[in-house]
Amino acid sequence: MGMKDQMQDKSRQAKQKAQEEAGQARQKAGQQGRQGQPQRGTQNHRDIEDTEQQVRDRFNQDYDA
């Protein structure tokens with residue numbers, strides 16, 4: 001194996017290692033990000049079940065100066 005071949009081989013190995021590490025970092029970040037998030041639909045679920053009067057009362061509380 002010549003010098004050029006050795007350098008290309010090292011370059012390929014470094015690139016492959018970097019890609020693997022990046023993939024692992026993405027995977028880890030994705031797992032951490034999902035842990036703190038509530039499930040979809042649970043946060044605004046109360047708005048659907050509120051009566052009209054409850055909605056008006058909450059609106060008035062939010063926008064009263």
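The structure presented is a predicted model; accordingly, all values stated were derived computationally and were not measured. (Residues numbered from 1 in each chain as written. Predicted model: local features only at pLDDT ≥ 70, side-chain atom pairs only at ≥ 80, totals over all residues. Heavy atoms only, no water.)

With that out of the way, let us pick up the overall build of the chain. Counting its secondary structure elements, the chain contains 3 helices and 0 strands. The buried share of the chain, taken over its 65 residues, is 0%. Split by element, the accessible area of the chain, about 6,600 Å² in all, is 46% carbon and sulfur. (Helix = DSSP H or I, 4+ residues; strand = E, 2+ residues; numbered from the N terminus. Buried < 20%, exposed > 50% of the residue type's maximum accessible area, 1.4 Å probe, protein only. Areas by Shrake-Rupley, 256 points an atom, 1.4 Å probe, with all protein chains shown as cover.)

Before going further, it helps to examine the pattern of salt bridges. Counted according to the given criterion, the structure contains 1 salt bridge. For Arg56, the salt bridge is made with Glu52, and the minimal N-O distance between the two is 2.7 Å. Highlighted residues: Arg56 and Glu52, both in helix α3 (residues 52-63), separated by 4 residues, approximately one helical turn. Classification of Arg56 by relative accessible area gives partly exposed; the value is 42%. (Salt bridge = Lys/Arg side-chain N within 4 Å of Asp/Glu carboxyl O.)

Glancing now at the confidence of the model for the chain. Residues shown with low pLDDT carry predicted positions that ought not to be read at fine detail. Averaged over all residues, the pLDDT of the chain is 77; the fraction at 70 or higher stands at 69%. Taking the mean pLDDT of every element in the chain, the minimum, 60, falls on helix α2 (residues 45-49) and the maximum, 85, on helix α1 (residues 3-35). (pLDDT = per-residue confidence, 0-100.)

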